Amino acid sequence: MQRLYLQFYVTILVVLAVFVGAAVLLWRVADDDNRTPQYLDVAAELTGALLPEINAPRPDQQRAIEALQRKLRFDIALYESDGDLIAMAGKVPPRFNVERARVGWRRGPGGPNFTLQLPDGRWLVARQVRERPNPIFWIAAALGMVAIAVAIAAFPVVRGLGRRLERLRAGVDRLGGGDLAARVKVEGRDEVAALAESFNRSAQRIEELVTAHRMLLANASHELRTPLARIAVAAALLGQNADPKTRDSLKQDVAELDQLIEQILLASRLEAVPTLEHREPVDLLALAAEEASHYDLEATGQPVTVSGDRTLLRRLVRNLVENARRYGGEGPITVSVTDEGGRAVLNVSDHGPGVPEAERQRIFEPFYRLAGGAETGRGSGLGLALVLDIARRHGGDAVCLAAAGGGSRFRVDLPVV
Amino acid sequence: MAERILMIDDDNRLAGMVQDYLGGAGFRVTVAGTGRDGEALLKRETFDAVILDLMLPDADGLDLCRKLRATSDVPILMLTARGEPMDKVVGLEIGADDYLAKPFEPRELQARLRAILRRKGGSGTAPSEILRFGRLEIDKGARVVRVDGEERTITSYQFAILLALAERAGRVLSRDALMDVLKGEKLEAFDRSVDVHISRIRAAIEDDPKKPRRILTLRGTGYVFARDQDR
């Protein structure tokens with residue numbers, strides 16, 4: 001991922017670099033601009049007046065140059081118009097090339113040179129003795145320092161902005177992850193702070209809504225179970241007078257309604273939390289055997305330990321066995337657990353009419369009913385949806401297959417610890 | 001003498017029916033419709049046990065339970081219609097002795113009441129370590145096993161087998177592993193295989209030994225002691 005603060009920062013650095021580069025370039029261009037202002041002509045006239053005639057003897061010329069050098073403290077060299085050295089004072093002058101000579105200030109390796117052409121055609125080259133480094137270097141260095149200072153000062157600002165955005169993102173992720181109490185710190189008074197504030201407000205609202213929804217479900221469950229409890233007690237009070245078949249079917253209905261309420265509650269609770277709340281090692285075969293025993297069935301297979309939520313896994317097995325008992329016809333139901341190369345595999349097979357291939361995925365949808373089948377029986381319609389949800393939550397999957405010899409086989413595989 | 005039970009529940013019709021049912025079983029049930037009435041009754045009279053609903057119009061059952069627990073050690077059985085797993089844990093943590101979710105079988109309510117009454121009755125002796133699995137209690141100290149508070153007779157070797165299984169509830173235990181655990185136990189009948197002992201234990205503790213719910217056989221693998229036996 002491209003970090004935002006890095007993007008900002010790199011942009012600032014690039015801008016600074018461009019600025020420094022452009023400044024240096026401008027300086028060069030301005031400097032190279034070859035102007036010959038009038039003062040050069042004046043200087044040439046004056047210097048020409050100070051120096052001996054062009055055909056004066058060399059020693060005179062030499063003396064005059066030395067006198068000039070003492071006064072001006074410049075290294076000075078005097079050349080013929082064709083470039084031959086006439087006289088010099090101070091350090092050895094740079095190589096002089098008439099072809100390329102131009103009047104005015106010029107940067108040179110030993111410092112800035114001042115070149116003049118006297119009215120009589122002689123050339124005078126003066127070099128500042130105080131060796132001042134190249135001004136371009138100084139300006140570039142100063143600009144560079146400013147750039148570095150700006151870069152250093154900008155970093156914490158940009159990093160701080162990035163950090164705040166990252167913290168905001170972490171808050172949004174936590175809320176999305178189901179932690180409804182997630183809030184972020186509001187820092188500063190800018191747009192990011194405003195965003196953080198709106199996030200907090202939205203999170204608050206979401207939390208209120210979800211809590212209200214959960215409370216509604218819990219209360220509805222309470223309201224539904226209260227009359228159910230009365231029916232259950234009343235059924236028991238009917239005692240021996242009642243027809244045992246009626247009493248048993250009444251008990252069955254109470255148990256079914258109770259299961260339906262529980263499944264709806266569980267489904268809504270699972271919706272709110274995308275991950276597992278508890279994890280412990282669970283012996284899947286032992287769990288399957290326990291659940292199967294409630295339907296007078298025996299589980300077979302190998303002991304396999306998976307890591308998961310025992311209550312949820314129990315619900316998964318129970319729903320599969322319950323489903324097989326309801327829709328699995330009269331034939332025997334088999335429950336087996338095996339270890340297939342690192343996956344714990346639970347199979348629940350029945351000998352019912354089976355599920356048409358086209359619908360084998362859809363039956364895991366909540367409240368889905370097989371098409372075409374007449375009244376296939378009662379059912380919460382949430383059972384298989386919960387099976388799939390619980391399996392996926394544990395890093396596994398649930399599928400419906402055709403059982404050998406007719407009927408369906410539900411296969412759940414879960415990762416082994 | 002009939003045991004006196006206080007039922008604090010705002011569902012008058014349910015309370016009336018429970019009153020009838022438990023009355024027929026030899027309990028004397030008094031009903032309080034609100035938490036305040038219940039508290040007042042508990043101050044005035046003595047009860048052998050309290051049946052407390054978690055949702056009352058004037059009070060939170062959990063708070064009431066905590067309050068009762070602070071002043072008395074009367075056995076408390078919690079009833080709840082919410083049935084969230086959290087409720088159960090919290091209820092038992094703050095001092096309820098047992099917990100039953102609505103809707104319940106009156107027979108089970110009666111059995112659990114008897115069990116908590118018996119537990120409290122025997123509280124004169126030091127509390128020994130007891131494993132509880134719904135209606136089944138395995139008293140490690142006294143080396144006895146009870147169902148609904150009623151003692152069931154098994155031999156000491158059978159008790160050792162039962163304990164070995166119960167301490168590993170929810171896990172498959174192979175015959176070999178079981179034999180390993182029992183190595184230190186004195187064998188009283190060498191000719192009998194573990195399976196025979198298991199069927200004796202089943203006869204003692206299962207409601208229907210042919211349809212075991214507590215000790216399950218896994219053919220070719222071993223045994224499992226069920227963790228969740230009553231539902």
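**Quick word on the overall build of chain A**
Now for step 1: On a plain count of helices and strands, chain A comes out with nine helices and 12 strands.
Now for step 2: For chain A, whose C-alpha radius of gyration is 47 Å, the value lies well above the compact-globule estimate of 22 Å for 417 residues.
Now for step 3: With the C-alpha coordinates of chain A rotated into their principal frame, the extents come out at 155 × 50 × 40 Å.
Now for step 4: Counting all 417 residues of chain A, 41% fall into the buried class.
Now for step 5: Considering only contacts in chain A between residues 6 or more positions apart, those separated by 24 or more positions represent 61%.
Now for step 6: Carbon and sulfur atoms make up 58% of the accessible area of chain A, which amounts to about 23500 Å² in all.

**Description of the interface of chain A and chain B**
Now for step 1: Across the boundary between the two partners, chain A contributes 36 residues, which contact 35 residues of chain B.
Now for step 2: Each partner contributes to the roughly 3300 Å² buried at the junction of chain A and chain B, and carbon and sulfur atoms together form 58% of this total.
Now for step 3: One can count six salt bridges joining chain A with chain B.
Now for step 4: The interface formed by chain A and chain B holds nine residue pairs in polar contact (both at pLDDT 80 or more) in total.

**As for the packing of aromatic side chains**
Residue and element names in this part refer to chain A.
Now for step 1: Within this structure, the stated rule accounts for four aromatic pairs over all chains.
Now for step 2: Pairing Tyr5 with Phe155 gives two aromatic rings, centres 6.3 Å apart and planes at 80°, and the pair type is edge-to-face. Of this pair, Tyr5 sits in helix α1 (residues 4-32) while Phe155 sits in helix α4 (residues 135-176), and the two are 150 residues apart along the sequence.
Now for step 3: Overall, Tyr5 belongs to the buried group, its relative accessible area being 11%.
Now for step 4: Judged by centre distance (4.9 Å) and plane angle (75°), the ring pair of Tyr9 and Phe155 falls under edge-to-face.

**Here we look at the environment of Gly328(A)**
Residues and elements named next belong to chain A.
Now for step 1: Among the secondary structure elements, Gly328 is positioned in the loop between α8 (310-327) and β9 (334-340).
Now for step 2: Since its relative accessible area comes to 0%, Gly328 is described here as buried.
Now for step 3: In sequence terms Gly328 and Val157 are 171 residues apart; their C-alpha atoms lie 67 Å from each other.
Now for step 4: Residues in contact with Gly328, not counting those within four places in the same chain, are Asn323, Asp350, His351 and Gly352.

**Let's talk about helix α2 (residues 38-50) of chain A**
All names here are of chain A.
Now for step 1: With 13 residues, α2 should cover 18 Å at 1.5 Å per step; its first-to-last C-alpha distance of 19 Å lies within 8% of that length.
Now for step 2: For α2, every residue scored as buried is listed here: Leu40, Ala43, Ala44 and Thr47. Viewed along the axis of α2, the buried residues span an arc of 100°, placing them on a single side of the element. When the buried face of α2 is taken as reference, the exposed residues oriented beyond 90 degrees from it are Gln38, Glu45, Leu46 and Ala49.

**As for the sheet that holds strand β5 (residues 123-128) of chain A**
Residues and elements named next belong to chain A.
Now for step 1: As summarised here, the arrangement of the five strands in space is β2-β1-β5-β4-β3, forming an open sheet in which the pairing is antiparallel. The open sheet has two edge strands, β2 (85-89) and β3 (104-106), and neither has a second partner. Pairs of neighbouring strands in the sheet enclose a mean axial angle of 20°, with direction left out of account.
Now for step 2: Pairing geometry for strand β1 (residues 74-79) and β5, over six bridges, is antiparallel. Across the sheet, residue Leu78 finds its bridge partner in β5, namely Leu124.

**Some thoughts on the domain arrangement of chain B**
All names here are of chain B.
Now for step 1: According to the domain assignment, chain B consists of domain 1 (3-121) and domain 2 (130-225).
Now for step 2: Taken over C-alpha atoms, the centre of domain 1 sits 32 Å from the centre of domain 2.
Now for step 3: On the side of domain 2, six residues touch domain 1, which itself brings six residues to the contact.
Now for step 4: Where domain 1 abuts domain 2, roughly 540 Å² becomes buried across the two surfaces, and 52% of that area is made up of carbon and sulfur atoms.
Now for step 5: If you sort the residues of domain 1 by the area they bury against domain 2, Ala111, Arg118 and Arg119 come out on top, with a joint share of 67%.
Now for step 6: Across the domain 1-domain 2 interface, the total number found is zero residue pairs in polar contact (both at pLDDT 80 or more).
Now for step 7: For the side of domain 1 that touches domain 2, the per-class residue count stands at two nonpolar, no polar and four charged.

**Observations concerning the nonpolar core**
Now for step 1: Residues Leu316(A), Leu320(A), Val335(A), Leu346(A), Ile363(A), Phe364(A) and Val412(A) are the most contacted members of the largest nonpolar core, which totals 50 residues.
Now for step 2: Those residues in contact with Leu316(A), other than ones at most four positions away along the chain, are Leu346(A), Val387(A), Ile390(A), Ala391(A) and Val412(A).

**Description of the pairing of strand β6 (residues 130-133) of chain B**
All names here are of chain B.
Now for step 1: Because side chains alternate across β6, one face comprises the buried residues Leu131 and Phe133, and the other comprises Ile130 and Arg132, none of which is buried.
Now for step 2: Pairing of β6 with strand β7 (residues 136-139) involves four bridges; the strand directions are antiparallel. Looking at β7, one finds that Leu131 is bridged to Ile138.
Now for step 3: Here β6 folds back onto β7, and the loop between the two strands holds two residues, one of which, Gly134, carries a positive phi near 60°.

**Remarks on helix α3 (residues 61-71) of chain B**
Residues and elements named next belong to chain B.
Now for step 1: Those residues of α3 that fall on the buried side of the exposure criterion are Gly61, Leu62, Leu64, Cys65 and Leu68. On an axial view of α3, the arc spanned by its buried residues comes to 160°, and they lie on one face. Those residues of α3 that are exposed and angled more than 90 degrees off the buried face are Ala70 and Thr71.

**Observations concerning the domain arrangement of chain A**
Residues and elements named next belong to chain A.
Now for step 1: You can read the domains of chain A as domain 1 (38-132), domain 2 (178-274) and domain 3 (280-415).
Now for step 2: Averaged C-alpha coordinates put domain 2 and domain 3 at centres separated by 25 Å.
Now for step 3: Listed per partner, the contact involves 12 residues of domain 2 and 14 residues of domain 3.
Now for step 4: Ranking the residues of domain 2 by area buried against domain 3 places Glu256, Gln263 and Leu270 at the top, with a combined share of 48%.
Now for step 5: Between the two partners, domain 2 and domain 3, sit two salt bridges.
Now for step 6: A salt bridge links Arg326 to Glu256; the nearest nitrogen and oxygen atoms lie 3.9 Å apart.
Now for step 7: Between the two partners, domain 2 and domain 3, sit four residue pairs in polar contact (both at pLDDT 80 or more).

Cut-offs used in this document
Residue numbers restart at each chain and count upward from 1, following the sequence in its written direction. Chains carry letters and ligands carry numbers; both start at the beginning, A for chains and 1 for ligands, and go up in the order they are written. In view of the model being predicted, local features appear only for residues whose pLDDT reaches at least 70, and side-chain atom pairs are presented and counted only at 80 or more, with totals across whole chains, interfaces and linings using the full set of residues. In computing side-chain properties, one takes all heavy atoms of the structure into account and sets aside hydrogens as well as water. Helix numbers and strand numbers start at the N terminus; a helix is a DSSP run of H or I with at least 4 residues, a strand a run of E with at least 2. We take the radius of gyration over the C-alpha atoms and set the globule estimate at 2.2 Å times the residue count to the 0.38 power. When accessible area is computed with a 1.4 Å probe and restricted to protein chains, residues below 20% of their type maximum are described as buried, those above 50% as exposed, and intermediate ones as partly exposed. Contacts are residue-level and defined by heavy atoms, with any inter-residue pair within 4.5 Å sufficient. Calculation of accessible area relied on Shrake-Rupley with a 1.4 Å probe; when residues are assessed, cover is drawn exclusively from the protein chains displayed. The buried area of a pairing is the accessible area, by a 1.4 Å probe, that goes missing from both parts when the two are put together, added over both. One speaks of a salt bridge when a side-chain nitrogen belonging to Lys or Arg is within 4 Å of a carboxyl oxygen belonging to Asp or Glu. Here a polar contact is recorded for every N or O atom pair within 3.5 Å, except that within protein the pair must consist of a potential hydrogen donor and a potential acceptor, and residues adjacent in sequence are included only if both atoms are side-chain atoms. Aromatic contacts are taken between Phe, Tyr and Trp rings whose centres are within 6.5 Å, Trp giving its six-membered ring; a plane angle under 30 degrees counts as stacked, one over 60 as edge-to-face, and the others as tilted. A helix is expected to reach a length of 1.5 Å times the quantity of its residues less one. Think of it as the arc spanned by the lines of direction from the helix axis to the C-beta atoms. Any two strands with at least two DSSP-identified bridges between them are counted as paired. Axis definition: a line fit to C-alpha positions, over the contact stretch in the case of helices; interaxial angles, taken between N-to-C directions, run 0 to 180 degrees. By convention here, the domain bounds are inherited from an automatic or database domain assignment. Any residue outside Ala, Val, Leu, Ile, Met, Phe, Trp, Tyr, Cys, Pro, Asp, Glu, Lys and Arg is labelled polar, Gly included; the first ten of those are nonpolar and the last four are charged. The term nonpolar core refers to a set of buried residues drawn from Ala, Val, Leu, Ile, Met, Phe, Trp, Tyr and Cys, joined through side-chain atoms within 4.5 Å.

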